[in-house]
Amino acid sequence: MIRSHAHVIRAALLFRLRGEQEIATPSTATGDYAIGLEELASMTRDHNISSLQHCGGVKGLSKMLKTNLATGIVGDENDLIKRMNTFGANRYPQKNGRSFLRFLWEAWQDLTLIILIVAAIASLGLGIKTEGLSRGWYDGASISFAVMLVIIVTAVSDYRQSLQFQNLNKEKQNIQLEVMRGGRIMKISIFDIVVGDVVPLRIGDQVPADGILITGHSLAIDESSMTGESKIVHKDQNAPFLMSGCKVADGIGTMLVTGVGINTEWGLLMASISEDTGEETPLQVRLNGLATFIGIVGLAVALSVLAILLGRYFTGNTKNPDGSVQFIKGETTVSKAVDGVIKIITIAVTIVVVAVPEGLPLAVTLTLAYSMRKMMADKALVRRLSACETMGSSTTICSDKTGTLTLNQMTVVEAYVGKQKINPPDDPSQLQSQAGLLCEGIAQNTTGNVFVPKDGGDVEISGSPTEKAILSWAVKLGMDFDDLRAESKILHVFPFNSEKKRGGVAIQTADSIVHIHWKGAAEMVLASCTGFLDSNGSLQSIDKEMDYFKVAIDDMAACSLRCVAIAYRPYELDKVPTNEESLGKWVLPEDELVLLAIVGIKDPCRPGVKDAVKVCTAAGVKVRMVTGDNIQTAKAIALECGILSSGADAKEPNIIEGKVFRAYSEKEREIIAKKITVMGRSSPNDKLLLVQALRKGGEVVAVTGDGTNDAPALHEADIGLSMGIQGTEVAKESSDIVILDDNFASVVKVVRWGRSVYANIQKFIQFQLTVNVGALVINVVAAISSGDVPLNTVQLLWINLIMDTLGALALATEPPTDHLMHRTPVGRREPLITNIMWRNLLIQALYQIAVLLVLNFRGLSILHLNQDDTIVKNTMIFNAFVLCQVFNEFNARKPDEINVFKGVTQNRLFMGIVGFTVILQIILIEFTGDFTTTVRLNWKQWLICVAIGTVRGTFPI
């Protein structure tokens, strides 16, 4: 069904694109190439073996595409442009995000705003009718303007966040991968792949385009993303077609790219869907519930006010400023009565607008988007929004060693060849007759590559850091990589396996001798050895020297070196399976090996890791190291990084081997897991068991991982952190956050940002609820006692704008502080409103209510105003209320600290919003009195308002 769907989309898109002359799809030879785009695309799409054979197989097809299967395409600018023009680029048309007009449309569909718009229209009509055009339009136009301002600000804010999410999604899709061009391996973006490229495939890689297998060993592809079937498909010369978007589940291979972009089924499917950014995080769900509850309370209050005001109005208890009664039964005209009722309804609706905290969900969106953008600058790409906030609750981090705690810059610093220690390790003169077999094993049993420029430049070595270290060492010893690869033929490969901690290859030399080379964890390979080659190249029994080699490994491991053993065994040619199917299932013999060398590889600790571990410990987050390395190596690195405080801590169960941990029962694992600090020689399954045990014990677990086999642990953890450099695509897709620089210090920054998200939301909740309580109580008390409200519709809408949108923007973008890392982690079920917040909220709301109610009921006498100066009194109440909220923003910045002004000048956005709010308030009071029903205030009255706000803002001090 998926493929049928893709064909339909493809037909429609090709029709449209051809009409727009964006692509051309000839079915015959095209320009410089002996095969056309449509013929090539249909061959791969339909998995047409006969068509491939007609082209002469993969070799014939590579000639048609002008590709050298050994060295790849030329890859210069002209070559790439020709290929893109002929066969297309590896991009597909993407659906545009929602337009700004769509956000405007969604913003005005809020029910309370619709009621206010209707009220504004009715008020406009009645105002013009009763007071004439010159003054009658003020009320209706003021409400309309205020509503439009709220809609526009909300739409702009939502639109900006949408653009940020789109940019992050583009970053997620920009996968970096290796290709062979001009004989060298280079890293490029997936978008730069062209038809004819030769791409190496390893476990965990994503197939970047449609293509045909060149060579492969035990290559298994997970095609579930395209076929919907979860079974793994094995690829060989009988089934050579590879589909873009699928994942390499096992084995290694190389492919010839035959289709890119819109000419692949993956591209067609991607063109038909758009990235969903509508994910709701757990915190958003909780806040939506809180907002709904507050909204219901606000609605109940508004209905009460409505009933009271209507009752007072129709019973003749509502009076005009001059003392005249507004409604007299039998005398007041219908139009005046309707006008009075509409004003009362408008007040009630506005109370609902102020009471409903639309800013809560907006604040979460803002702080998540802001945090995601800033985390990107701190080398962390967020794949799932919920991870931002969950990371703030993490109580333990299970970290890999290699590349995360260490630099991943590996060099061979110690080497034993046979029984002889080579010092310095790259001195070729100390090697005797073992050099040939050793270099053969290193050159053939690798997924790396050595490129020697023809112009005599520096040798370029590619591959994993371990592979690069060993290849560099062998090159210094005199290894000729290309010649050794050409002299023998690879029969079968056993790719490196994280369970067995080794990888092997069977080769046939020019004189038909079969060698099986193994390379892997030193003590594991050593356990399979029965002999070693001495300095004369003679085979010696290893039994008597086993202890010597074990001591050598322990000594290197104690110096925090990664120990790798290289061994081989001869094999009879007639025992090697002859047909391809049997050869693919052949299990390479791994016993009776002959030890060739043991190397110690130094991978220094990352600068700053020790400090980062200290920060985590101070923050109540326990750092655990989970590594596949030797237990002694793990112990040495843990001591160097500060994960283990002293050698006295290095005993079971603080430090444990994976095989010991997995042997325990489930209940025993739960008890022991909390004590584990270092786990050595762990398999991916051991890591999964540790995560499960910690989570059952109530821990919030963050896990780092880079391999395909780490995917279950990354998925099981509360927060999965994959590595951006060494991580496979499978690991990245299973993770919540990608650490782009593979650095543990970046993981700690993610914890800071996670805590910042939670802290910023709490700041805004305190700010919002203080305003809500103040506005509601003042209006309700005034309405019940006097039948009028001091804060009218336009004023309340302005307060709503400050509170919901500008307040959210100011408080949601507070950067994290060191103070956050001196707290304990936030519990899973810890209430959003803490006891400290309740204290602040109630005291500040009571102060605000008390001062403003005194102004409302005794303001005329206190301020020495006449009875006709009610509008001055109400202006002062409005002005003081707004200034209280301005200072409230300072107060809310640090709910649990005394100095609320600390570091405020470093947040320019916060200062800008506060300044902008104050300037707008001055303009509102001094220049727009007709619209806001306010009057200009003298300097003494302004001073009183500022003093009320200042006292409000300096409450903690």
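In this text the structure is predicted, and so the values were computed from the model without any measurement. Just so you know, the residues in each chain are numbered from 1, in the order the chain's sequence is written. Side-chain atom pairs in this predicted model are given and counted only at pLDDT of 80 or more, local residue features only at pLDDT of at least 70, and totals for whole chains, interfaces and linings cover all residues. Here the side-chain values reflect all heavy atoms present in the structure, with hydrogen atoms and water set aside.

## Some remarks on the packing of helix α29 (residues 744-786) against helix α32 (residues 870-893)
Running from N to C, α29 and α32 point in directions that differ by 155°, and their axes come no closer than 9 Å. Considering the angle they form, α29 stands roughly antiparallel to α32. Pair α29 / α32 crosses with right-handed handedness. Along the contact surface, α29 presents Lys 763, Gln 766, Phe 767, Thr 770, Val 771, Gly 774, Ala 775 and Ile 778, while α32 presents Phe 881, Gln 885, Asn 888, Glu 889, Asn 891, Ala 892 and Arg 893. Note on geometry: axes are C-alpha line fits, over the in-contact stretch for helices, and angles between N-to-C directions span 0 to 180 degrees. Each helix corresponds to a stretch of at least 4 residues labelled H or I by DSSP, and each strand to a stretch of at least 2 residues labelled E; elements are numbered beginning at the N terminus. Roughly parallel means an angle under 35 degrees; roughly antiparallel, over 145; roughly perpendicular, 65 to 115; everything else is oblique. In this scheme, a crossing is called left-handed if the near helix is turned counterclockwise away from the far one by less than a right angle; it is called right-handed if the turn is clockwise. The criterion used for residue contact is that any of the two residues' heavy atoms lie within 4.5 Å.

## A short note on the state of the cysteines
The disulfide definition used here is simple: a pair of cysteine sulfur atoms within 2.5 Å. Within this structure, the stated rule accounts for zero disulfides. The closest cysteine sulfur to the non-disulfide-bonded Cys 388 is located on Cys 616, 17 Å from its own sulfur. This cysteine, Cys 563, is not joined by any disulfide, and Cys 559 carries the nearest cysteine sulfur, 9.3 Å off. The rule is simple: take the accessible area with a 1.4 Å probe, protein chains only, and divide by the maximum for that residue type; under 20% is buried, over 50% is exposed, in between is partly exposed. On the basis of relative accessible area, Cys 563 is assigned to the buried category, the value being 6%.

## Overview of the sheet that holds strand β8 (residues 380-382)
What the eight strands build is an open sheet, ordered β8-β26-β25-β24-β9-β21-β23-β22; its pairing is mixed. Of all strands in the sheet, those bounded by a partner on one side alone are β8 and β22 (655-657). Sheet twist, expressed as the mean angle between neighbouring strand axes with direction ignored, is 20°. Any two strands with at least two DSSP bridges between them are considered paired. Looking at chain direction, strand β25 (residues 719-723) and strand β26 (residues 737-739) are connected through three bridges and run parallel. Residue pairing across strands places Ser 722 opposite Val 738, the latter belonging to β26. Set on the sheet, helix α26 (residues 684-696) makes contact with β9 (396-399), β21 (622-626), β23 (678-680) and β24 (701-705); between it and β24 the angle comes to about 170°.

## Observations concerning the environment of Pro 577
Mapped onto the fold, Pro 577 is located in the loop between β19 (561-571) and α21 (580-585). Note: C-alpha distance between Pro 577 and His 492 (85 residues apart in sequence) is 9.9 Å. Each residue touching Pro 577, except ones within four places of it in the same chain, is listed here: Ser 582, Leu 583 and Trp 586.

## A look at unusual backbone geometry
One can expect most non-glycine residues to show negative phi and most peptide bonds to be in trans. Cis geometry marks the peptide bond from Asn 423 to Pro 424, where omega comes out at 0°. Secondary-structure assignment places Pro 424 in the loop between β11 (420-422) and α16 (435-444). Residue Glu 652 is joined to Pro 653 through a cis peptide bond whose omega torsion reads 0°. On the secondary structure map, Pro 653 appears in the loop between α23 (631-641) and β22. For His 47, which is not glycine, the phi torsion reads 50° and is therefore positive. For His 47, a relative accessible area of 27% gives the class partly exposed. The phi torsion at Asp 742 lies on the positive side, around 60°, for a residue other than glycine.

## With respect to the pairing of β9
When a strand is regular, its side chains alternate between the sheet's two faces. Residue alternation in β9 divides its side chains into two sets, Thr 396 and Cys 398 and Ile 397 and Ser 399, and both sets are buried. Summarising the sheet, β9 and β21 pair through four bridges and their orientation is parallel. Its bridge partner lying in β21, Ile 397 is registered against Val 623. By the bridge criterion, three bridges tie β9 to β24 in an arrangement that is parallel. In the sheet register, Cys 398 faces β24, and the bridge partner there is Val 703.

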